[in-house]
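Each chain, written out:
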Amino acid sequence: MISPLAVAIAFVTAAALADARALVGQQGRDGGAGLGSREDCVELGWPPVHHLALLPEMGGDMSEASPNGLPAGDGPERVQTSDGADLERGLPMFSAGDPEALAREKAELAQLATKPALARWRGYARKTGPGWLQSAMTLGGGSAAASLTAGALFGYKLLWVQPVAMILGIIMLSAMSYQTLSTRARPFGAMKKFVHPSVAWAWALATLAVTVIWHFPQYALAAGMTEDMIKTATGWAPALGTWSHTGFMLGIGVVVLLISTVITWNYGSGWRGIRLYERVLKLMVWIIIASFAVVIVRAAVAGKIPWGELLSGFVPWPSTMPTDAAGVGIVLGLFGAAVGVNMTFLYGYSLLARGWGKEHRGLARYDLITGMLIPFVLATSLMVVAAACTIHGTDAVQGRVSPVAAAKMIAEAGVGETVGHFIFGLGILGMVLSSITTHMIVAGFAACEILKIEPKGWKYRMSCLIPAVGMLGVVLWQHMGFWVAVWTSAICGLMLPIAYIALFVMQNRRAYLGADTPTGGRRWAWNIGMGLAILATLAYLVYAIQGQYYEGIQAFFGKLLGN
């Protein structure tokens, strides 16, 4: 059977080659440079081209532009679509921080577009970034718990689920990158105009709400994991239920918040700050992967891994498909942990923050594969294998497995305390820190759109601190989790297919994409891939409404009424 990873790579390769051919063709039509728009000329330091043929693309009238070709004043750049819609465009407060670097990058991409695939990919490797933000956001407490539970209860049988789930998510994010990079319009405004304002507002509000709520369990996990590591190293831990324990946990939360704030505020400090932030996140993700890999190596040395069974787990054999309610629930839980609604919001804005445009469409797809799909599949698969080869089939596994409990069980299963508690714990802490910082960034973008302020300077930095209230999760999540988790999960489950459907509509709106609207076979390929992703999220939503959401809401009202 065909590997899901091979399907994804083939999809991205075909799309990237198509973009390269389109860019080369555009270069020929523009006399070899491939740079005919006012934006391209300005960013390369050339005088703006005033040509009637370019006016529809650039929004028609250029009379209000400043002498350098950019809009006058301190507000956002604006662009008119083919049907006259006036949209905010780009995030110049970020991308304009180093226009020379951005111009060099565009020139390099124009050269790479003429080279064979392998040479082009080598050039792309140095320029990736936004895809890693997606990987860092999804590799959090939810992914950890889902992966460990799958491995603990089903062994290696469900290794195929998360690669398939992520491939479907990448198809949708590829569509968003195609739209955003083709128009450079901010996704919130584009969705308001070309889908419906209520959908756009629901998308932004749901993004902010779920980001704040899911901040709480990330801090709870960070504090719990740190406490476990300290207790293992020193044998000391404050007694549960005491003020000293509360103060100890709050102290951990404050340290995590300070570290996360310093890392996150780099993102709002300009182009160089964005690149620094992306490199820090890449390091975190590789620490996560390396930490879990050490657990697997230690288990392999001890002869605990049946390699044939492991490799077979990446193929969705009909005989291994779970049919009971618990098994189906875990499969859909793995799907739900792969892509969240706040990830769909973050991605478009992270592309604009880098100043990316049409020239970057092939790079964006490569970035999604190498920065999102591969790290996510590696990290989650390693966690599934770690649980499968150590605690699967033991009496200690009872339902959902928390990462803190998993660390103890893995250590006791023969890999040793150093590997089980410290190396594994370091991987979990890396997941938490990377998720917290990306949560802060997307909250800043969403809040700025909701409040109609430009995402720059101290206003953006303060907006990034909106989820910081989640730091109280170190002591509150165990009490509030039941009351808010069901509703937050329901919002996520409902909004994700709505966001996907909105992206599907926008991918087919000629009034929005103009000449970049996919046609012929490419349109069919996009629509089939996006349709499969929408069907998968709808299936998850239907099951959740009938199962966990329904039962959780019943229990919620039962507790509320004192039953």
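Criteria and cut-off values
- Residues numbered from 1 in each chain as written.
- Predicted model: local features only at pLDDT ≥ 70, side-chain atom pairs only at ≥ 80, totals over all residues.
- Heavy atoms only, no water.
- Helix = DSSP H or I, 4+ residues; strand = E, 2+ residues; numbered from the N terminus.
- Buried < 20%, exposed > 50% of the residue type's maximum accessible area, 1.4 Å probe, protein only.
- Contact = heavy atoms within 4.5 Å.
- Areas by Shrake-Rupley, 256 points an atom, 1.4 Å probe, with all protein chains shown as cover.
- Phe/Tyr/Trp six-rings, centres within 6.5 Å; stacked < 30°, edge-to-face > 60°.
- Expected span 1.5 Å × (residues − 1).
- Axes fitted to C-alpha atoms, helices over the stretch in contact; angles between N-to-C directions.
- Parallel < 35°, antiparallel > 145°, perpendicular 65-115°, else oblique.
- Left-handed = near helix turned anticlockwise from the far one by under 90°.
- Nonpolar A, V, L, I, M, F, W, Y, C, P; charged D, E, K, R; others polar.
- Salt bridge = Lys/Arg side-chain N within 4 Å of Asp/Glu carboxyl O.
- Patch = residues over 30% accessible without salt bridge, like charges linked within 9 Å, V, L, I, M, F, W, Y side chains within 5 Å.
- Core = buried A, V, L, I, M, F, W, Y, C linked by side-chain atoms within 4.5 Å.
- pLDDT = per-residue confidence, 0-100.
- Disulfide = S-S within 2.5 Å.

Draft legend 1. Spatial organisation of the overall build of the protein. Scanning the protein from terminus to terminus reveals 25 helices and two strands. Buried positions account for 57% of the 563 residues belonging to the protein. In the protein, 81% of the contacts between residues at least 6 apart in sequence involve partners at least 24 apart. As presented, the protein carries roughly 22,600 Å² of accessible surface, and 67% of it is formed by carbon and sulfur atoms.

Draft legend 2. Region of interest: unusual backbone geometry. The residue Arg184 is not glycine, and still its phi comes out positive at about 55°. Structurally, Arg184 is set in the loop between helix H9 (161-183) and helix H10 (187-194). Residue class for Arg184 comes out buried when judged on its relative accessible area of 4%. One non-glycine residue, Lys452, lies in the positive phi region at around 60°. Position of Lys452 relative to the elements: it lies in the loop between helix H20 (417-451) and helix H21 (457-464).

Draft legend 3. The arrangement of the packing of aromatic side chains in detail. All told, the structure shown has 14 aromatic pairs when counted by the stated rule. On the basis of an interplanar angle of 75° and a centroid distance of 5.3 Å, the ring pair of Tyr267 and Tyr277 is categorised as edge-to-face. Of this pair, Tyr267 sits in helix H13 (residues 243-267) while Tyr277 is found in helix H14 (residues 271-301), placing the two residues 10 residues apart along the sequence. Residue classification places Tyr267 among the buried residues on the basis of a relative accessible area of 0%. When the ring of Tyr267 is compared with that of Phe445, the centres are 6.3 Å apart and the planes differ by 80°; the resulting orientation is edge-to-face.

Draft legend 4. Focus on helix H16 (residues 325-338). Taking 1.5 Å of rise per residue, the 14 residues of H16 would be expected to cover 20 Å, and the 20 Å separating its terminal C-alpha atoms lies within 8% of that figure. Every buried residue belonging to H16 is among Gly327, Ile330, Val331, Leu332, Leu334, Ala337 and Ala338, and all of these are buried.

Draft legend 5. Highlighting the packing of helix H12 (residues 215-234) against H20. Two elements in contact, H12 and H20, have axes whose closest approach is 9 Å; the angle formed by their N-to-C orientations is 155°. When the axes of H12 and H20 are compared, the pair comes out roughly antiparallel. Pair H12 / H20 crosses with left-handed handedness. Contacts from His215, Gln218, Tyr219, Leu221, Ala222, Met225, Thr226, Asp228, Met229, Thr232 and Ala233 in H12 reach Glu417, His421, Phe422, Gly425, Leu426, Ile428, Leu429, Val432, Ser435, Ile436, His439 and Met440 in H20. Considered class by class, the residues forming the contact of H12 with H20 number 13 nonpolar, eight polar and two charged.

Draft legend 6. Molecular detail of the pattern of salt bridges. What the rule picks out here adds up to nine salt bridges. Taking the shortest distance from any N to any O, the salt bridge between Glu454 and Arg186 comes out at 3.0 Å. Note that Glu454 is positioned in the loop between H20 and H21 and Arg186 in the loop between H9 and H10, a separation of 268 residues in sequence. Of the residues examined, Arg186 reaches a relative accessible area of 2% and is grouped as buried. Put simply, Arg361 and Asp516 hold a salt bridge, and the shortest N to O gap is 3.4 Å. A residue pair is termed long-range when its members are at least 10 positions apart, and Arg361 in helix H18 (residues 361-388) and Asp516 in the loop between helix H23 (510-513) and helix H24 (520-546) qualify at 155 residues. Asp516 shares its class with Arg361; the two are buried.

Draft legend 7. Geometry of the environment of Val384. Along the polypeptide, Val384 turns up in helix H18. Accessibility expressed as a relative area gives 1% for Val384, which makes it buried. As a C-alpha pair, Val384 and Lys157 span 227 residues in sequence and 9.6 Å in three-dimensional space. Every residue in contact with Val384, bar those within four places of it in the chain, is listed here: Ser147, Gly151, Gly155, Leu159 and Gln162.

Draft legend 8. The arrangement of a nonpolar patch on the surface in detail. A cluster of nonpolar residues, Trp524, Ile528, Leu532, Leu535 and Leu538, forms a patch on the protein surface that exposes about 560 Å² of accessible area. By the element assignment, Leu532 lies in helix H24.

Draft legend 9. Quick peek at the nonpolar core. Judged by nonpolar contacts, the single largest core of 143 residues is most densely connected at Tyr267, Phe424, Ile428 and Phe445. Look past the residues within four positions of Phe424 in its chain and what remains in contact with it is Leu148, Phe292, Val295, Pro403, Ala406, Ala407, Ile410 and Val419. Ranked by size, the runner-up nonpolar core spans 10 residues in total, among them Ala146, Val331, Leu334 and Ala337.

Draft legend 10. Just the confidence of the model for the protein, in detail. Averaged over every residue, the pLDDT of the protein is 80; residues scoring 70 or more account for 77%. Counting interchain partners and residues more than four positions distant, the pLDDT-below-50 stretch residues 1-74 has 105 contacts.

Draft legend 11. Layout of the environment of Ile441. Mapped onto the fold, Ile441 is located in helix H20. Separated by 20 residues in sequence, Ile441 and Arg461 place their C-alpha atoms 8.8 Å apart.

Draft legend 12. Spatial organisation of the environment of Glu108. Within the element layout of this structure, Glu108 appears in helix H5 (residues 99-112). Under the relative-accessibility criterion, Glu108 is labelled partly exposed at 33%. The sequence separation of Glu108 and Gly123 amounts to 15 residues, and the corresponding C-alpha distance is 8.4 Å.

Draft legend 13. Quick look at the state of the cysteines. In total, this model carries zero disulfides according to the counting rule given. We note that Cys448 lacks a disulfide partner, and the nearest cysteine sulfur, in Cys464, lies 7.4 Å from it. Note on Cys448: relative accessible area 1%, which makes it buried.

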